[in-house]
Amino acid sequence: MAEAAADAGRAPNLRLFFALWPDAATRAGLHARARALHSECGGRAMRRDTIHLTLAFLGETPVRQVERLRAVAAGVQGDGFALDLDRVGSWHRNRILWTGPSMVPPALAALAQDLEGRLRADGCALEARAFSPHVTLVRNAHAAPREAQLTPLRWTVGSFVLVASERSAAGAHYRTIGRWPLKRRG
(Lines give C-alpha, C1' and ligand atoms only; values in the text may rest on other atoms or scores of the structure.)
Protein backbone atom coordinates (compact mmCIF):
# COMPACT_ATOMS: atom_id res chain seq x y z
CA MET A 1 0.00 0.00 0.00
CA ALA A 2 3.00 2.25 -0.24
CA GLU A 3 1.66 3.39 -3.56
CA ALA A 4 -1.53 4.61 -1.86
CA ALA A 5 -0.28 8.19 -1.64
CA ALA A 6 0.61 8.26 -5.34
CA ASP A 7 -2.82 6.87 -6.23
CA ALA A 8 -4.71 9.25 -3.96
CA GLY A 9 -5.28 11.79 -6.71
CA ARG A 10 -6.42 9.24 -9.31
CA ALA A 11 -8.35 6.43 -7.64
CA PRO A 12 -11.59 6.78 -5.70
CA ASN A 13 -10.91 6.56 -1.97
CA LEU A 14 -12.70 5.34 1.12
CA ARG A 15 -11.96 6.52 4.66
CA LEU A 16 -11.36 3.18 6.40
CA PHE A 17 -10.75 1.78 9.87
CA PHE A 18 -10.84 -1.57 11.65
CA ALA A 19 -12.97 -1.67 14.78
CA LEU A 20 -14.90 -3.61 17.36
CA TRP A 21 -18.60 -3.03 16.77
CA PRO A 22 -20.96 -3.48 19.72
CA ASP A 23 -24.08 -5.65 19.66
CA ALA A 24 -27.43 -3.90 20.16
CA ALA A 25 -27.54 -4.29 23.96
CA THR A 26 -23.97 -3.03 24.43
CA ARG A 27 -24.59 -0.17 22.00
CA ALA A 28 -27.68 0.84 24.03
CA GLY A 29 -25.64 0.81 27.26
CA LEU A 30 -22.87 2.86 25.68
CA HIS A 31 -25.37 5.34 24.27
CA ALA A 32 -26.98 5.74 27.70
CA ARG A 33 -23.52 6.47 29.15
CA ALA A 34 -22.93 9.00 26.34
CA ARG A 35 -26.22 10.77 27.10
CA ALA A 36 -25.38 10.93 30.82
CA LEU A 37 -21.94 12.41 30.07
CA HIS A 38 -23.51 14.87 27.64
CA SER A 39 -25.95 16.02 30.32
CA GLU A 40 -23.08 16.55 32.75
CA CYS A 41 -20.43 18.01 30.42
CA GLY A 42 -22.17 19.39 27.32
CA GLY A 43 -20.85 18.83 23.82
CA ARG A 44 -22.24 16.42 21.26
CA ALA A 45 -23.10 12.84 22.25
CA MET A 46 -22.18 10.25 19.65
CA ARG A 47 -25.11 8.79 17.75
CA ARG A 48 -25.96 5.24 18.76
CA ASP A 49 -25.19 3.90 15.27
CA THR A 50 -21.64 5.34 15.30
CA ILE A 51 -20.40 3.99 18.64
CA HIS A 52 -17.38 1.67 18.25
CA LEU A 53 -13.85 0.93 19.45
CA THR A 54 -11.18 1.60 16.81
CA LEU A 55 -8.47 -1.05 16.43
CA ALA A 56 -6.57 0.55 13.52
CA PHE A 57 -7.27 3.74 11.57
CA LEU A 58 -6.28 3.59 7.90
CA GLY A 59 -7.66 6.91 6.66
CA GLU A 60 -8.12 7.69 2.98
CA THR A 61 -7.48 4.44 1.10
CA PRO A 62 -7.95 3.64 -2.60
CA VAL A 63 -11.02 1.48 -3.17
CA ARG A 64 -8.89 -1.03 -5.04
CA GLN A 65 -7.04 -1.80 -1.77
CA VAL A 66 -10.16 -3.14 -0.03
CA GLU A 67 -9.67 -6.73 -1.18
CA ARG A 68 -6.07 -6.70 0.08
CA LEU A 69 -7.29 -5.39 3.43
CA ARG A 70 -9.88 -8.15 3.60
CA ALA A 71 -7.15 -10.72 2.94
CA VAL A 72 -4.98 -9.19 5.69
CA ALA A 73 -7.90 -9.30 8.14
CA ALA A 74 -8.71 -12.90 7.23
CA GLY A 75 -5.23 -13.89 8.44
CA VAL A 76 -5.69 -12.35 11.89
CA GLN A 77 -5.94 -14.91 14.66
CA GLY A 78 -7.72 -13.98 17.85
CA ASP A 79 -9.92 -15.21 20.64
CA GLY A 80 -13.22 -13.71 21.68
CA PHE A 81 -13.17 -11.90 25.02
CA ALA A 82 -15.16 -9.89 27.53
CA LEU A 83 -14.35 -6.20 27.76
CA ASP A 84 -15.37 -4.43 30.97
CA LEU A 85 -15.81 -0.71 30.31
CA ASP A 86 -15.44 0.63 33.83
CA ARG A 87 -13.75 4.02 33.34
CA VAL A 88 -14.62 7.34 31.81
CA GLY A 89 -12.12 10.02 30.97
CA SER A 90 -11.44 13.03 28.84
CA TRP A 91 -8.85 14.34 26.47
CA HIS A 92 -8.92 18.05 27.19
CA ARG A 93 -7.07 19.13 24.05
CA ASN A 94 -9.54 17.31 21.78
CA ARG A 95 -12.53 17.89 24.10
CA ILE A 96 -13.44 14.19 23.85
CA LEU A 97 -15.09 12.13 26.57
CA TRP A 98 -14.56 8.38 26.42
CA THR A 99 -15.13 5.11 28.23
CA GLY A 100 -12.66 2.28 28.42
CA PRO A 101 -11.36 -0.63 30.47
CA SER A 102 -9.15 -0.19 33.53
CA MET A 103 -7.62 -3.57 32.61
CA VAL A 104 -7.03 -4.40 28.94
CA PRO A 105 -7.89 -8.06 28.28
CA PRO A 106 -4.86 -9.94 26.90
CA ALA A 107 -6.98 -11.13 23.95
CA LEU A 108 -7.75 -7.50 22.98
CA ALA A 109 -4.09 -6.49 23.19
CA ALA A 110 -3.11 -9.54 21.11
CA LEU A 111 -5.81 -8.82 18.50
CA ALA A 112 -4.72 -5.19 18.10
CA GLN A 113 -1.05 -6.19 17.91
CA ASP A 114 -1.65 -8.96 15.35
CA LEU A 115 -3.79 -6.70 13.16
CA GLU A 116 -1.30 -3.82 13.35
CA GLY A 117 1.63 -6.09 12.53
CA ARG A 118 -0.11 -7.58 9.51
CA LEU A 119 -1.21 -4.16 8.24
CA ARG A 120 2.31 -2.73 8.59
CA ALA A 121 3.79 -5.80 6.85
CA ASP A 122 1.37 -5.14 3.98
CA GLY A 123 2.62 -1.56 3.68
CA CYS A 124 -0.12 0.33 5.52
CA ALA A 125 0.97 3.55 7.19
CA LEU A 126 -0.55 3.57 10.68
CA GLU A 127 -0.29 6.06 13.52
CA ALA A 128 2.82 5.66 15.67
CA ARG A 129 1.05 6.06 19.02
CA ALA A 130 0.37 3.05 21.25
CA PHE A 131 -3.00 1.33 21.15
CA SER A 132 -5.29 2.81 23.83
CA PRO A 133 -8.65 1.03 23.80
CA HIS A 134 -11.52 3.46 24.28
CA VAL A 135 -14.97 4.27 22.96
CA THR A 136 -15.58 7.94 22.14
CA LEU A 137 -18.90 8.99 23.67
CA VAL A 138 -18.96 12.81 23.48
CA ARG A 139 -17.19 15.30 21.22
CA ASN A 140 -16.69 19.02 21.90
CA ALA A 141 -17.30 18.59 25.63
CA HIS A 142 -17.37 21.79 27.66
CA ALA A 143 -15.95 20.14 30.80
CA ALA A 144 -14.33 16.94 32.01
CA PRO A 145 -16.57 14.44 33.79
CA ARG A 146 -16.39 14.33 37.57
CA GLU A 147 -14.85 11.22 39.03
CA ALA A 148 -17.49 8.70 39.93
CA GLN A 149 -17.80 5.00 40.61
CA LEU A 150 -19.10 3.34 37.44
CA THR A 151 -21.02 0.15 37.06
CA PRO A 152 -18.91 -1.77 34.53
CA LEU A 153 -20.51 -2.25 31.17
CA ARG A 154 -19.57 -5.75 29.96
CA TRP A 155 -19.12 -6.15 26.20
CA THR A 156 -18.72 -9.68 24.87
CA VAL A 157 -16.57 -9.32 21.76
CA GLY A 158 -16.85 -12.04 19.12
CA SER A 159 -15.69 -10.33 15.91
CA PHE A 160 -13.99 -7.31 14.39
CA VAL A 161 -14.95 -5.28 11.32
CA LEU A 162 -13.61 -3.13 8.50
CA VAL A 163 -15.65 0.07 8.24
CA ALA A 164 -15.96 2.87 5.70
CA SER A 165 -16.71 6.32 7.09
CA GLU A 166 -18.88 8.26 4.65
CA ARG A 167 -19.48 11.96 5.23
CA SER A 168 -22.64 13.83 4.33
CA ALA A 169 -24.40 17.01 5.38
CA ALA A 170 -26.02 15.01 8.20
CA GLY A 171 -22.61 13.92 9.55
CA ALA A 172 -20.53 10.74 9.35
CA HIS A 173 -22.21 7.45 8.56
CA TYR A 174 -20.41 4.14 8.95
CA ARG A 175 -20.78 1.20 6.60
CA THR A 176 -19.38 -2.22 7.54
CA ILE A 177 -17.58 -3.72 4.54
CA GLY A 178 -16.13 -6.82 6.18
CA ARG A 179 -16.52 -8.84 9.41
CA TRP A 180 -14.23 -11.52 10.84
CA PRO A 181 -15.13 -13.80 13.74
CA LEU A 182 -12.87 -14.38 16.72
CA LYS A 183 -12.48 -17.88 18.12
CA ARG A 184 -14.79 -18.81 20.94
CA ARG A 185 -13.00 -19.79 24.09
CA GLY A 186 -14.39 -22.81 25.63
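The rules behind each value
- Residues numbered from 1 in each chain as written.
- Predicted model: local features only at pLDDT ≥ 70, side-chain atom pairs only at ≥ 80, totals over all residues.
- Heavy atoms only, no water.
- Helix = DSSP H or I, 4+ residues; strand = E, 2+ residues; numbered from the N terminus.
- Buried < 20%, exposed > 50% of the residue type's maximum accessible area, 1.4 Å probe, protein only.
- Contact = heavy atoms within 4.5 Å.
- Expected span 1.5 Å × (residues − 1).
- Arc of directions from axis to C-beta.
- Pairing = 2+ DSSP bridges.
- Axes fitted to C-alpha atoms, helices over the stretch in contact; angles between N-to-C directions.
- Phe/Tyr/Trp six-rings, centres within 6.5 Å; stacked < 30°, edge-to-face > 60°.

**Some details on the side chain of threonine 26**
Then, in step 1: Secondary-structure assignment places threonine 26 in helix H2 (residues 24-41).
Then, in step 2: The exposure class of threonine 26 is buried, given its relative accessible area of 5%.
Then, in step 3: Residues contacting threonine 26, with those up to four places away along its chain left out, are Leu153, Arg154 and Trp155.

**Describing helix H4 (residues 106-121)**
Then, in step 1: Across its 16 residues, H4 extends 22 Å between first and last C-alpha, which sits within 8% of the 22 Å expected from 1.5 Å per residue.
Then, in step 2: When we look at burial in H4, the residues that qualify are Ala107, Leu108, Leu111, Ala112, Leu115 and Leu119. Angular distribution of buried residues about the axis of H4 spans 135°; they occupy a single face of the element. Turned more than 90 degrees from where H4 packs its buried face, Pro106, Gln113 and Ala121 sit exposed.
Then, in step 3: Considering only its buried residues, H4 is in contact with strand E1 (13-20), strand E3 (53-62), helix H3 (66-74), strand E4 (81-85) and strand E9 (159-168).
Then, in step 4: Count one or two residues on from H4 and you reach glycine 123, which has phi positive near 95°.

**As for the environment of serine 168**
Then, in step 1: Mapped onto the elements, serine 168 comes out in strand E9.
Then, in step 2: The class of serine 168 is partly exposed, set by a relative accessible area of 41%.
Then, in step 3: On a C-alpha basis, the gap between serine 168 and arginine 27 in space is 23 Å, while along the polypeptide they are 141 residues apart.

**Considering the sheet that holds strand E2 (residues 44-45)**
Then, in step 1: Here four strands make up an open sheet; going across it, the order is E2-E7-E6-E5 and the pairing antiparallel. Each edge of the open sheet carries a strand with a single partner, namely E2 and strand E5 (87-91).
Then, in step 2: The sheet contacts of H2 involve E2, E5, strand E6 (96-100) and strand E7 (135-139), and relative to E7 the element is tilted by about 35°.

**Observations concerning the side chain of threonine 136**
Then, in step 1: With respect to the helices and strands, threonine 136 occurs in strand E7.
Then, in step 2: Residues contacting threonine 136, with those up to four places away along its chain left out, are Met46, His52, Ile96, Leu97 and Trp98.

**A short note on the packing of aromatic side chains**
Then, in step 1: Summed over the entire model, instances satisfying the criterion amount to six aromatic pairs.
Then, in step 2: Their ring planes at 80° and their centres at 5.3 Å tell us that phenylalanine 17 and tyrosine 174 sit as a pair that is edge-to-face. Taken as a pair, phenylalanine 17 in strand E1 and tyrosine 174 in strand E10 (residues 171-181) lie far apart in primary sequence, 157 residues in all.
Then, in step 3: Between phenylalanine 18 and tryptophan 180, the aromatic rings sit 6.1 Å apart at their centres with planes inclined by 50°, giving tilted as the arrangement. Of this pair, phenylalanine 18 sits in strand E1 while tryptophan 180 sits in strand E10, and the two are 162 residues apart along the sequence.
Then, in step 4: Given a relative accessible area of 13%, tryptophan 180 falls into the buried group.
Then, in step 5: The structure contains a cluster of three or more aromatic residues connected by ring pairs, namely Phe17, Trp21 and Tyr174.

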